[in-house]
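One letter stands for each residue in the lines below.
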Amino acid sequence: MVEQHPQRPTRVRLIEVGPRDGLQNEPHPVPLTAKHQLLEDLADAGLDYLEAGSFVHPQRVPQMADSDALLQAMNRRPGVTYAALTPNMKGLERALAVGADEVALFAAASETFSQKNINCSIAESLGRFAPVIAAATDVGLPVRGYISCVLGCPYEGAVTPGAVLTLTRELLAMGCREVSLGDTIGVGTAGDTERLLAHLLPEVGPERLAVHFHDTYGQALANILVALNAGIATIDSAVAGLGGCPFAPGAAGNVATEDVVYLLNGLGIEHGVDLDKLILAGERICSVLERDNASRVARAYRNRRT
C-alpha cells in the first residue's frame, strides 16, 4: 500500500485531449469515421471528459475543419462531456449549434506565443474572451480556460510564475470554471512545477486548477506527481501520447493517458478508466495514423503480449 501524501487526491479526473489537441497537428487528414471511432473507444474505456474538436478557422488548423460534423454525428454517452475549443464568438456559435457540452478558451503566458497562436496580444485575447465567456454563461454553458507556455516559451524562453498567476486570476474572474496550466513545449521539470504551484496555490485553490504537460524531455509524469502532491485532481492527457502544437516548434506530444493511468494505479488513486481498453483505443488510432504509439505503457504491454 502506497503511503498517502497528505494533500494528494484520492480520485483524479482525466481530461482526454487526444481527439482535439492530439490530432490537430497530424500532417495528413484523419477520416471522420476514425475520429468518431476514437471518441467511442475512449468513452468505452471509461473516460468521461472528451475534448472532441475545435471551432477555429479551418485555414489555421485544417485537421479540425470537420468538428461540426463530428459532434453532430456523435452518439452521446450519458455522463460524458463532449467539449470543444472556441477562440471567439463565431466559434462559440458553432459549438452551440452542435450541442457542445463545454467550451474552452486558450490564452498564453507569453506575448510572442499569443501572437503566433491566436494573432493578438495577451491583453487583446482577454478582451476577445470576455464576450465569449459572458455569452456562454448566459446559456449555462461551462467554460474552461487554458494557459499555454506556463513553464517556458519557444520564442521567449523562461516565463515567470507571476505572469501565469496574473492570467489565471483574470480567466477565473471572467467566469472560467477552472484553468488548465499547459507546459506547451514540455521543458518544465519537477522543480519548475513546484515553484509555479507554490506561487499560484496560496491564492488559487487546487480545485480551480488542472495541469497539461507535454513530454518533450520525458518530464511529464514527474511534473504530474508534483501536481498531485500539491492537491491538483484534474489532469489533461492524450491517448497514445498524441499531439504537438502547430505553433510551438519542437513540441512533442502530450503525456500519454495510458502512462498517467499506470501512474495513478501505482499510487492507488481512483480514476475510472479501464487501462486495457484504453490501450486498445490508442493502438487503433495509431494504426489509422500509421505511427508508433508514444505511450511507454502501451508499448510495454504490446511487448509482453508478443
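Residues numbered from 1 in each chain as written. Predicted model: local features only at pLDDT ≥ 70, side-chain atom pairs only at ≥ 80, totals over all residues. Heavy atoms only, no water.

A. Helix 7 (residues 161–174), seen in detail. Its 14 residues give helix 7 an end-to-end C-alpha distance of 20 Å, which sits within 8% of 20 Å, the value for a rise of 1.5 Å per residue. Listed as buried for helix 7 are Val164, Leu165, Leu167, Thr168, Leu171 and Leu172. On its buried face, helix 7 is in contact with strand 4 (102–108), helix 6 (122–138), strand 5 (143–148), strand 6 (178–183), helix 8 (190–200) and strand 7 (209–213). With its phi angle positive at about 125°, Gly175 sits one or two positions after the end of helix 7. (Helix = DSSP H or I, 4+ residues; strand = E, 2+ residues; numbered from the N terminus. Expected span 1.5 Å × (residues − 1). Buried < 20%, exposed > 50% of the residue type's maximum accessible area, 1.4 Å probe, protein only. Contact = heavy atoms within 4.5 Å.)

B. View of the pairing of strand 6. Here strand 6 lies mainly inside the structure; six of its six residues are buried. Side chains Glu178, Ser180 and Gly182 project from strand 6 onto one buried face, and the interleaved Val179, Leu181 and Asp183 project onto a second face that is buried too. Where strand 5 lies against strand 6, four bridges are found, and the strand directions are parallel. Looking across to strand 6, one finds that Arg144 is bridged to Glu178. Handedness of the strand 5-helix 7-strand 6 crossover: right-handed. Bridge analysis of strand 6 against strand 7 gives five bridges, and the strand direction is parallel. (Pairing = 2+ DSSP bridges. Right-handed = clockwise from strand over helix to strand, strands pointing away.)

C. Unusual backbone geometry, seen in detail. At Cys149, a residue that is not glycine, the phi angle is positive and equals roughly 65°. Mapped onto the elements of the fold, Cys149 is located in the loop between strand 5 and helix 7. Note on Cys149: relative accessible area 0%, which makes it buried. We note that Glu290 has phi near 55°; this positive angle belongs to a residue other than glycine. Secondary-structure assignment places Glu290 in the loop between helix 11 (275–289) and helix 12 (296–305). Residue classification places Glu290 among the exposed positions, given a relative accessible area of 76%.

D. Inspection of the layout of surface pockets at higher detail. Estimates place the volume of the second largest pocket at around 170 Å³. If you go around the second largest pocket, you meet 14 residues; those closest to its centre are Asp215, Val255, Ala256, Asp259 and Arg296. Of all the elements, helix 9 (residues 220–229) adds the most residues to the lining of the second largest pocket, at three residues. Looking at the lining of the second largest pocket residue by residue, the classes come out as seven nonpolar, four polar and three charged. (1 Å grid on protein atoms, 1.4 Å probe; cavity = no way out; pocket = protein on both sides within 12 Å on 5 of 7 lines; lining within 4 Å. Points joined across faces, edges and corners; volume = space filled by probe spheres on them. Nonpolar A, V, L, I, M, F, W, Y, C, P; charged D, E, K, R; others polar.)

E. Structural view of the side chain of Glu40. Structurally, the position occupied by Glu40 is in helix 2 (residues 32–44). At 2.9 Å, the side chain of Glu40 and the side chain of Arg77 are in polar contact. Setting aside chain neighbours within four positions, we find Glu40 in contact with Met74, Asn75 and Arg77. (Polar contact = N/O pair within 3.5 Å; in protein donor to acceptor, adjacent residues only side chain to side chain.)

F. Here's a closer look at the environment of Ala84. Secondary-structure assignment places Ala84 in strand 3 (residues 81–85). Linking Ala84 and Ala95, residues 11 residues apart in sequence, is a C-alpha distance of 7.0 Å. Among all residues touching Ala84, those that are not within four sequence positions of it are Gly53, Phe55, Leu71, Ala100, Glu102, Val103 and Ala104.

G. Highlighting helix 12. Three or more residues of helix 12 are buried, namely Val297, Ala298 and Tyr301. Seen end-on, helix 12 carries its buried residues on one side only, within an arc spanning 100°. For helix 12, the secondary structure elements touched by its buried residues are helix 10 (257–267) and helix 11. (Arc of directions from axis to C-beta.)

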